[in-house]
Structures are given as C-alpha cells and as structure tokens.
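# Geometric and topological summary
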Amino acid sequence: MSSFKFYKPDNMEDLLKVKEELGGRALILAGGTNLLIYIKEGSIREGTLVDIKSLKELKGISGDNGYIEIGAGVTIAEILESPLLNDRVPFFTDTLKNFANPLVRNMASLGGNIADASPIGDTIPSLLVLNGRIKAACLKGERSVPLDRLFKGPGESNLKPDEVIRTVQFSIPERGKGTFIKLGLRNGTSCSVTSVAVWLAAEDGRVEDIRIAFGGVAPIPLRLKKTESLFKGEKLDEEKIRALSGEIDKEISPITDVRGSAEYRKQVSVRLLSRAVRICMGMEE
Amino acid sequence: MKENFSIIGKRLGGLDEKDKVLGNVVFADDFVMPGMLYARVFRAEKASAKIKCLDILRAQSLPGVICVLTADDVPHNESVKNVVGQTTEVGLLEAKHQVLVKERVRYWGEAIALVAAESPDTACRALELIEVEYEDLPAVFDPLEAMKPDAPKIHGDNNIIASWKLRKGDAEAGFAQADVIVENTYRTPRQEHAHIEPESGVSWMDDMGVINIRYAAQVIEHYRDIATVLGIPESRVRVIGTLIGGGFGGKEDVTVEVFLALLTWKTGRPVKLTYTREEMGYGRHKRHPYVLKYKTGATKDGKLTALEAELVSDAGAYVYLSPWVLVYSTVHSTGPYFIPNVKVDASSVLTNNIMSSACRGFGGMQVAFAYESQMDELAEKLGMDPLELRKKNFLKRGDITASYQEITSEVLLEEAARKAKAALGEKGRGSKTKKIGHGFACSWQSYGRMTYLHDTSSCWVNLEMDGSAVVRTGIPDLGGGQRESVRAITAEVLGLKLEEVHVISTDSQVTPLSGTVTATRALYMSGNAAKLASENVRKIIVEEASEMLSAEPERLNLKDKTVYSVDEPSKLLPLVDVIKRCAAEGKVPQNLATFKAPFTEPITTDIIKDPVFPDFTFGAQAAEVEVDLETGKVNILKWAAAHDVGQAINLNRVEGQIEGGAVQGIGFGIMEDYLEEEGVPLTWNLHDYIIPTSKDVPDIMSIVLQSKSGKGPFGAKGIGEPSISAAAPAIVNAIKDAVGIRIYHIPATPERIFLALQE
Ligand SMILES: Cc1cc2nc3c(=O)[nH]c(=O)nc-3n(C[C@H](O)[C@H](O)[C@H](O)COP(=O)(O)OP(=O)(O)OC[C@H]3O[C@@H](n4cnc5c(N)ncnc54)[C@H](O)[C@@H]3O)c2cc1C
C-alpha cells in the first residue's frame with residue numbers, strides 16, 4: 001500500500017527548501033496528469049506531494065526581441081491562449097492543439113511535460129528545434145540546461161533531486177519557419193506514435209539552416225544533427241527531400257509497442273520528415 | 001389502433017436524461033448502505049497454470065479484513081450446461097464454468113479469491129498479501145492451432161466447443177456456374193465493450209433472509225444463477241437492476257452479482273464491489289476475434305451462384321455464450337442476399353486467451369465485414385456498380401434464407417443503401433498525399449432471441465383512480481431508453497400523456513419478468529408485452545364505458561383522459577368516471593400480460609435448417625474517408641446510416657442507437673483491438689485500448705426508414721445491434737476506393753494501411 005504526505009509551499013523558497021530537504025522524495029505535483037497516474041498504477045508508492053500549482057513564480061509568459069520565457073507552471077491551455085506565443089511562434093502553439101484533450105490541457109504544465117522526460121512529450125520536439133533551454137533552480141542557485149542535453153532515457157533526465165524547472169526559454173530564429181507534425185492513432189486524446197518538428201530557413205529553395213527533432217523514435221526526444229547537416233546547403237525539390245529524409249535511419253532507434261512496430265515507426269518517420277520539410281518550404285499546406 | 005399516433009414516433013424527451021446530465025442518478029456504485037464492506041477480486045497472473053499453493057492467511061489476518069473466500073468456500077463452484085444441437089461432431093457439450101479457480105487457471109485475469117474488508121484501502125492491501133504458487137501448464141493462444149488434435153486442451157478433450165453449418169443446394173455446382181469467384185481470408189479484432197460504467201453493485205441480506213443485489217445488470221434473471229451457486233431457493237435471491245451506464249453485452253453474462261451474494265451470504269453484511277477500469281480489461285470477456293475464409297461466386301450478369309465459408313471464432317478460456325454467438329454468425333454469414341448454393345462451416349474454439357462472449361452484434365458483425373468486402377470485390381471484378389450488384393441479389397420478403405427461414409417483413413435495403421450513399425453528396429477532392437474515397441455496406445441483423453429458446457416477456461399495467469397509469473416491467477434500462485419505450489407505448493394505448501404513466505422496472509421480486517436487455521429484444525419483447533397489457537386494460541375501460549354511453553365498444557376511443565365516441569365526439573365521459581364505476585363493480589382496470597415470441601423446436605443437429613430468429617432488421621451505412629498516403633491514417637469525413645426500424649417509438653432514441661452503433665462500428669473498423677501476447681493482456685486501460693473520440697467521428701447522418709412491417713409494437717423492428725455491423729465494411733470499401741488497396745484484417749490501423757500501400 002502507498003502512503004503520501006502533502007505539502008503546499010507558499011513561495012519559491014519554500015519549494016526549494018523542501019526539495020533540498022527531501023530530494024527525490026519530494027514529488028512535485030504540477031497538473032498531476034502524469035504523477036497521479038504513476039501513483040494510481042503503483043509505480044510510485046510513497047513520498048511527499050509538493051503542490052506547485054499556485055506558485056506565481058512559476059507562472060507567466062514573457063518575451064522581447066525574439067526571446068521568450070515561459071514559466072514551468074504554465075499550462076498547455078495557457079500556452080494555446082497566449083497572444084504573444086500565437087503571434088511570435090504560431091507553429092509552437094499549433095503543436096499543442098492536438099495535445100491530449102481540453103480537460104488535460106487545462107491541468108497539464110509545460111514543466112511537467114519536460115520533467116517527465118517521456119520520449120513522446122509533445123512540447124519537446126518543437127522546443128528542441130527552437131534550441132530551447134530550461135532554468136533549473138535549487139536552493140544554491142540556478143543553472144541553464146539546453147534541452148538537448150537534459151534527457152537520459154525514458155522518464156530519466158539530468159535534473160538533480162533537489163532541482164525544479166523554473167522556466168523554459170528559447171529565442172526565435174530571425175529567419176525561417178517551423179512546423180510540427182504528430183502522428184497519433186486517433187485525433188483526440190492520443191499519444192504520439194511518432195512526432196517531428198522542423199525549423200527551416202531557406203533562400204531560393206536552398207537550405208540555409210535546418211533543425212530537426214523527433215519524438216517517439218528513440219529512448220529520448222531527439223535532435224537529428226547528422227541529418228540536419230546533410231540538408232544544409234542543399235537545393236530542395238520533392239525528390240531531394242525524400243532522399244535526404246531517408247537518412248534519419250542512421251540516427252533513430254524506435255521500439256515496437258501497442259501503438260506500432262519499430263519498422264512502421266522508422267518508415268513513417270521518413271515520410272513525416274519529408275512532409276514537415278515540404279511544409280516549411282511552402283511546397284505544401 | 002388508430003394510425004395517427006399522438007406519442008409514438010415523435011421526438012420525445014427522456015425519463016432520466018436530465019438527471020443523468022446533472023449527476024442525480026444513483027448508479028450502481030453511487031449506492032451505499034450502513035455497515036457496508038468493500039470487496040475486491042484477486043486475479044491470476046498466469047494464462048495457463050496449476051495452483052500449487054494458495055496462501056490467504058496473511059490477508060485474512062490483516063486488521064479490517066472480514067473475509068477471504070476461495071473456491072473451497074463456494075457451495076457449487078462449477079456449473080455445466082449443454083448446448084442443444086451439438087451432438088454430432090462436437091459431442092455433448094459440457095460448458096464448464098467455475099466461480100473461482102479451484103485448481104487450474106485458464107486465462108490471465110481469472111478470479112481466484114474474494115476479499116471483503118471494512119475499507120476499500122484495506123481490501124486493496126489484502127490483495128497484495130495473497131500468495132499463489134503456480135506450476136505452468138501448456139497453453140495455446142491461436143484458435144487455428146487449438147483446433148489441431150495435439151493442441152493442449154483447455155477443458156475436456158476437444159477445444160472445439162461448438163460447430164454449426166449451413167447446407168443449401170450444391171456449392172460445387174454453384175461455383176461451376178460462376179463466371180467470377182472471389183476468395184479471401186478475413187480477420188477481425190477482439191473488441192472491448194468499453195462501457196463508461198464499470199461492473200458494480202451492492203448486496204445485502206434483508207430482514208426476511210433474502211439476499212438482495214442492486215447492480216448494473218442486463219439480465220436480472222441471473223438471480224437464478226446466484227441461487228444455484230449458493231444452493232438456496234431462487235425465491236431467496238432478489239435482483240434490483242439499476243439504470244445502466246452502458247453494457248453492449250458486457251453486463252449480459254454474470255458480472256459482480258455472484259461474488260457479492262457469496263460475500264453477503266458469508267458475512268451477513270452489505271457489500272459493495274466495483275471493478276476497476278483495468279479489471280474491466282483483463283477480467284471481463286470481449287468480442288470474439290474471427291478468422292473468416294470466404295469464397296463467393298457470381299455470374300457475369302451479377303447473380304450470386306454460391307458461397308462457401310469457414311468461420312473460426314476464438315472463444316477464449318471458457319464457453320460462456322460462444323456457441324450461441326456462433327449460431328448468429330452462421331445464420332448471418334450469407335449477408336442479406338439470396339444465394340442458391342451455400343456451404344458454411346463454423347467453429348468456436350477454446351484457447352488460453354481472455355474469454356469471448358456477448359458483444360453488440362453478437363456474431364453478426366464479424367461476418368458482415370467479410371460478406372460486404374466480398375460483394376465489393378465481386379463488383380470490381382465484374383466491372384459492375386457495387387449497389388447494382390447488391391440489388392440483383394438482395395433478399396426479398398417471402399424469400400427463404402440459407403438457414404431455411406422465410407423473410408416475413410419488408411427488406412428496404414435498396415432504399416437504405418441509395419439514401420445513405422446519396423447523403424454523402426459529392427466526393428471531396430483530396431490532395432496529392434491525402435486521398436478521398438466513398439464506400440458503403442449493407443447488413444442484416446436479427447432482433448429477438450433465438451426462437452427455440454421460447455422467449456417470453458411479461459408486463460403489468462394498472463389505471464389509478466385519478467386516471468394515471470402504473471406499469472411494472474422487469475426490463476432493465478441499458479441507457480437506450482427501454483423504460484421510456486414501455487411508457488410511451490402505454491401512454492399511446494391508454495390515451496394518456498407521458499407524465500401520466502409511471503414505470504416501475506427491473507426488480508426480480510417486484511416487477512413481472514420481462515427478460516433480458518440483450519439480443520435487440522427489449523423493445524420487441526417488453527414493448528409488445530406492454531402493448532398487450534395496456535390494450536387489455538383499455539378493453540376493460542372501453543367495455544365499461546360502452547355500457548355507460550350506450551355505444552359500441554369498437555367505436556370508442558381514449559384520449560386526454562376522456563372516453564369518447566369516434567362517431568359522435570360529443571358523446572364522452574371523463575376517464576376517471578369510468579374507472580370509478582369499474583372499481584365499484586369490482587372490474588379492476590389492471591392486467592398482467594405475457595408476450596410470447598414465436599416458438600420453434602430445439603435445433604437437433606449442427607446443420608441449421610429451421611428458422612432460428614423472429615425477424616431481421618436491414619440497413620446500410622456509407623462513409624467518406626480520407627487516407628493519408630504517407631502515414632496510412634484514415635480520417636472519417638462523412639458518415640450516413642440508413643436503417644429500417646419498422647416504426648420508431650421515440651425518434652431521438654432511434655437516432656441515438658444509430659449514431660452509437662455507427663461510432664462503435666467505426667472503432668471496430670479502424671482502431672479497436674484488445675491485444676494480448678501469449679495470453680498476457682497489453683491494452684487493459686483506455687490509454688492503450690483506444691476508442692473513437694468526438695474528434696474521430698463526423699456528425700452521423702441518420703436516415704430512419706419505417707416500413708411498419710416489424711414484429712415489435714406498432715410494426716417496430718429492433719435497432720440496438722443492427723446499427724453496428726455495416727460500419728467496418730463501409731470504411732474498408734471506402735479505403736479501397738480512396739487508395740486502391742483492400743484491408744482484410746481489421747482494425748484498419750495506420751500501420752496496416754501503410755504496409756499494404758508499400759506492397
Ligand atoms: C489523458 C491524457 C492524455 C495525455 N496526452 C498527452 C499528449 O497528447 N501529449 C503529451 O505530451 N502528453 C500527454 N499526456 C501526459 C501529460 O499530460 C503531460 O506530460 C503533461 O504536460 C504533464 O504535466 P503535469 O503538469 O500534469 O505534470 P505532473 O504529472 O504534475 O508531473 C509530471 C512529472 O514532472 C515532475 N514535475 C512537474 N513539474 C516540475 C517542475 N517544474 N520541475 C521539476 N519537476 C517537475 C513531477 O514531479 C512528475 O514527475 C497525457 C496525459 C493524460 C492523462
């Protein structure tokens with residue numbers, strides 16, 4: 001049987017203190033849309049639930065000069081409704097229209113999606129192509145960690161037991177266009193089978209810069225830097241896009257589960273990347 | 001009866017929809033009693049094993065645990081039932097069931113022990129303290145493997161637990177006359193019912209020593225099974241059925257009632273048992289997966305000449321309703337077509353998978369996927385329009401089916417298919433990577449139970465002194481408005497408003513038994529019974545009034561609580577005055593009526609050659625789909641469903657059934673499959689077992705046809721199950737139209753479509 005304590009810190013300092021004191025046994029409860037399931041399933045059976053929902057320090061979306069900072073406690077619904085984000089990074093907010101369902105979006109936080117370190121966390125591929133970073137805070141201070149160095153494996157990140165994610169930041173590239181495609185087995189409340197985010201800047205059909213990230217094709221959400229380098233400088237037509245997309249084969253290692261086989265994930269990922277690139281190139285809606 | 005209905009066929013408000021929306025209904029799990037215990041079921045985590053040692057001592061001694069029961073505590077733990085007609089090849093069937101595992105576990109999730117404790121937490125903790133030592137036994141998971149002589153045996157010495165056949169004409173000769181022959185193997189998934197409400201109930205012993213069980217039941221007659229297990233008189237068990245939050249056949253077999261009764265009987269205390277969502281997955285039966293081999297022949301002008309089919313269903317580890325589900329598959333296997341030469345062999349096979357049993361469609365659905373895929377493929381080979389081909393072969397009223405049953409109601413298939421197709425309108429344009437297709441399928445599905453089961457349904461109607469009416473009927477309300485239909489019928493016959501009729505339902509010791517809410521029989525049976533009882537009450541009133549008004553009884557009518565002469569409408573009496581006089585004369589305006597379905601002789605051989613069903617409902621559904629060439633994903637853009645319901649009782653409810661059937665059928669067609677690996681369940685929650693959401697289905701265009709030719713009240717036919725079967729083949733036919741590939745193994749998941757596209 002499980003036994004839990006509950007604690008609701010009044011401010012950031014109290015939060016960091018309890019983290020300092022209890023480390024991993026202080027279970028941060030943001031929206032609870034993952035955590036409560038782990039508890040119900042019995043994979044977490046004891047600890048102190050630390051409710052951060054009402055901490056103002058973790059709220060807020062701000063930005064200037066193409067630099068955006070989102071509080072870890074901001075919910076997916078709040079991101080979707082943010083005029084700033086819809087204006088500056090519409091592809092990122094579009095990403096989240098197929099996130100779970102309205103009930104979950106109202107509860108689920110951005111920080112929880114990242115800290116959960118799921119290979120199919122739907123906010124992550126887009127943040128990866130924006131070169132996103134998190135600010136991890138502990139009583140001693142704060143450090144900034146790039147997202148592509150945060151994840152270790154399914155459910156495992158490099159956050160230290162006494163750390164919490166305070167904010168997520170990224171800069172919007174001056175040029176280019178982003179897109180995110182999620183393949184789920186259904187349209188509502190659906191886990192990604194695989195997902196892809198691409199940021200691409202091109203001049204006369206030639207790639208100046210490209211960033212590619214996938215969810216669901218490896219133990220962690222992945223930037224595909226090798227494939228990116230192959231795209232760079234290339235003049236793209238459909239044929240070329242298809243051929244280069246096929247190169248992801250060497251960087252991904254999907255698994256078979258109830259949502260799809262490894263082979264399907266591999267092959268469909270190639271198509272999804274082609275599509276995402278075509279969309280960024282304005283070749284397709 | 002007059003033809004101008006004042007209630008029947010209108011859009012009626014419901015009895016309970018407002019309370020359901022507001023959360024006021026006391027569903028099974030909402031009910032509490034003082035001193036109530038909480039029960040949990042301890043389940044096997046092996047698919048095939050012997051129990052070497054079962055240790056419940058630690059659980060028993062946990063403070064707060066009141067009792068832990070095992071098979072040894074169950075007075076009659078095993079039951080055996082024989083299936084009529086299974087004498088030639090299968091042998092007399094010993095349909096074994098056990099309440100709790102005695103020695104041998106046959107599927108992952110099988111119930112081994114029951115715990116009752118003072119709190120849900122304690123009951124849960126007690127489960128963790130029960131220990132079992134298993135010895136693995138050989139197992140078989142593939143039904144085709146299980147049919148082989150040397151396969152491990154699940155019970156007895158034959159895994160084939162039912163086999164039925166159709167034999168009509170000479171199939172070989174029929175294929176010789178065919179210009180084209182289409183031959184394919186189809187596979188269908190293990191669909192989960194996924195009803196929103198878990199299996200749940202509360203039991204208690206009353207002050208007369210009767211065990212009461214208030215639970216979500218599709219079959220209140222299970223009080224008899226409870227009495228058998230406990231070895232007590234049937235009169236000592238009372239089932240009170242609640243309003244049900246969905247069942248789809250999932251609450252047709254025994255669910256929590258026997259466990260509850262055992263615990264109350266042992267402890268003398270009220271007990272609550274509600275399954276968890278996960279337990280609904282691995283502890284409860286599913287729809288039978290089928291392998292269907294179909295060979296269909298037709299002449300070049302599109303006349304079907306022969307059908308040969310082999311059907312194999314995976315019954316899972318226990319017999320349950322598999323033999324009967326297989327009868328449905330066999331009878332419906334031809335589709336709603338006249339085929340001169342038919343040879344069908346169907347078997348149901350035990351395996352160590354989760355058991356299969358009743359699920360909306362009851363065997364009629366898997367075959368619909370096969371026969372309607374075959375029809376489209378034949379049409380393609382013949383270069384003929386798919387509807388033209390079907391039109392040449394549709395059954396007509398008066399035709400004899402391959403199971404030797406005459407069709408005695410209208411067959412509006414052509415109209416249904418034409419209207420469903422037309423409702424789709426023009427095909428969307430699609431894009432380079434997303435292709436659009438149209439497809440449709442027709443289906444037939446019986447309503448009413450198999451006639452050799454001699455089904456009856458009773459109902460009691462009474463007029464009160466103020467002219468309002470009370471109805472007593474045992475029929476459970478599954479959420480489809482079964483009680484409402486009874487109310488509407490009574491109100492119509494007695495000329496009352498809906499609010500003037502009160503229905504008391506679903507109590508095995510208070511309401512006359514009306515039978516199960518299964519087999520699309522509720523309206524047909526309990527509706528006819530209510531009509532009969534109401535008409536008998538009406539007769540009492542009219543006869544009394546005819547004396548009072550000096551008018552012929554046949555020329556009197558009841559409306560708005562008055563009895564009046566149709567010839568001289570000014571000649572009238574308040575209904576209340578007639579009732580008062582009836583009372584004074586001792587002619588109580590009440591009636592208990594029993595409606596009997598047609599009775600036929602029990603089947604005596606495994607070849608089905610006598611009528612088995614009261615009648616059939618016919619319909620068609622049409623789909624517009626978009627297929628993503630790059631991912632294989634299907635989006636349903638438009639959906640139309642046309643069914644002949646004979647006579648709608650409440651148009652809103654008819655559309656509700658059609659919409660629900662279509663959506664559940666869509667799930668079966670493109671996404672639902674309860675997966676197991678070597679008998680170990682993989683998709684036991686609604687996170688991994690996915691069903692359509694509101695974002696996965698478009699608005700369903702329901703087209704309600706009314707031939708008035710059915711056997712139900714006022715010519716109604718049943719629509720609960722018939723609305724589900726055409727959906728999957730309609731989608732698969734539409735996918736074919738969109739991208740030129742045919743899916744033989746549903747659900748048509750993105751991966752299956754993607755792989756087929758690569759070939
Ligand atoms: C029905 C359903 C559908 C879903 N659909 C999707 C989907 O489509 N896409 C998707 O990506 N996810 C989906 N999820 C998963 C989940 O909703 C998201 O991952 C969500 O963003 C988690 O946020 P939360 O606030 O609820 O996290 P919580 O459950 O509160 O926390 C998750 C984990 O992160 C830790 N944590 C939370 N905040 C912090 C912080 N600031 N610092 C450090 N650690 C922290 C917690 O301790 C916990 O370990 C779904 C979940 C459900 C139940």
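Preceding block: the structure.
Residues numbered from 1 in each chain as written. Chains lettered and ligands numbered in written order. Predicted model: local features only at pLDDT ≥ 70, side-chain atom pairs only at ≥ 80, totals over all residues. Heavy atoms only, no water.

### Some remarks on empty space enclosed by the protein
Our working definition: A cavity here means a set of points on a 1 Å grid, drawn over the protein atoms and nothing else, where a 1.4 Å probe fits but cannot get out; a pocket is an open set with protein on both sides within 12 Å along at least five of seven lines, and a residue lines either one if it has an atom within 4 Å of a point. Grid points are joined across faces, edges and corners, and a volume is the space filled by probe spheres set on the points. Lys, Arg, Asp and Glu make up the charged group, whereas Ala, Val, Leu, Ile, Met, Phe, Trp, Tyr, Cys and Pro make up the nonpolar group; the residues left over, Gly among them, are polar.
Under the defined criterion, the tally for this structure stands at five cavities of 30 Å³ or more. A volume near 90 Å³ is recorded for the largest cavity. If you trace the largest cavity, you find it lined by Leu185, Arg186 and Asn187 of chain A together with Lys633, Val634, Asn635, Ile636, Ile670, Met671, Asp696, Ala748 and Pro750 of chain B. In the lining of the largest cavity, the residues fall into seven nonpolar, two polar and three charged.

### A closer look at the packing of aromatic side chains
Residues and elements named next belong to chain B. This is how the line gets drawn: To pair, rings of Phe, Tyr and Trp, with the six-membered ring standing in for Trp, must have centres within 6.5 Å; the planes then decide the type, stacked if under 30 degrees apart, edge-to-face if over 60, and tilted in the middle. Going along the chain from the N terminus, every DSSP run of H or I of four or more residues is numbered as a helix, and every run of E of two or more is numbered as a strand. Only protein chains enter the area calculation, which uses a 1.4 Å probe; residues under 20% of their type maximum are buried, those over 50% are exposed, and those in between are partly exposed. Charges are assigned to positions over rings by a cutoff of 6 Å between ring centre and Lys NZ or Arg CZ, combined with an angular limit of 35 degrees from the ring normal.
Per the counting criterion, the structure on display carries 22 aromatic pairs over all chains. Taken together, a centroid distance of 5.7 Å and an interplanar angle of 80° make the contact between Tyr524 and Phe595 edge-to-face. On the criterion of sequence distance, the pair formed by Tyr524 in helix α14 (residues 522–549) and Phe595 in strand β25 (residues 590–596) is long-range, its members being 71 residues apart. Here Tyr524 matches Phe595 in class, with each residue buried. Sitting over the ring of Tyr674, Lys286 keeps its end group 4.6 Å from the ring centre.

### Description of the interface of chain B and chain A
To keep things clear, this is the line we draw: Contacts are residue-level and defined by heavy atoms, with any inter-residue pair within 4.5 Å sufficient. Each of two parts loses accessible area, computed with a 1.4 Å probe, when they are put together; buried area is these two losses added. In the sections that follow, a salt bridge refers to a side-chain nitrogen of Lys or Arg positioned within 4 Å of a carboxyl oxygen of Asp or Glu. Polar contacts, as used here, are pairs of N or O atoms within 3.5 Å; protein pairs need one atom able to donate a hydrogen and one able to accept it. Residues neighboring in sequence count only if both atoms are side-chain atoms.
Contacts between the two partners involve 29 residues from chain B and, on the opposite side, 26 residues from chain A. Across the chain B/chain A interface, buried area totals approximately 2400 Å², and carbon plus sulfur atoms make up 50% of it. Area buried by chain B at its contact with chain A is led by Glu630, Lys695 and Glu751 of chain B, which between them contribute 24% of it. For Lys432 of chain B, the salt bridge identified is with Glu238 of chain A, shortest N-O distance 3.0 Å. Between chain B and chain A we count 17 residue pairs in polar contact (both at pLDDT 80 or more) in total. Taken together, the elements giving at least two residues each to the side of chain B that touches chain A come down to α3 (120–129) and α18 (750–758) of chain B. Looking at the side of chain B that touches chain A residue by residue, the class counts come to nine nonpolar, seven polar and 13 charged.

### With respect to unusual backbone geometry
Following Ile746 of chain B, the chain continues into Pro747 of chain B via a peptide bond in cis, with omega recorded as 5°. Relative to the assigned elements, Pro747 of chain B resides in the loop between α17 (727–739) and α18. Even without a glycine there, the phi angle at Thr189 of chain A is positive, about 45°. The topology assignment puts Thr189 of chain A in the loop between β11 (177–184) and β12 (192–203). Residue classification places Thr189 of chain A among the partly exposed residues on the basis of a relative accessible area of 33%. Non-glycine residue Tyr320 of chain B carries a positive phi angle of around 40°.

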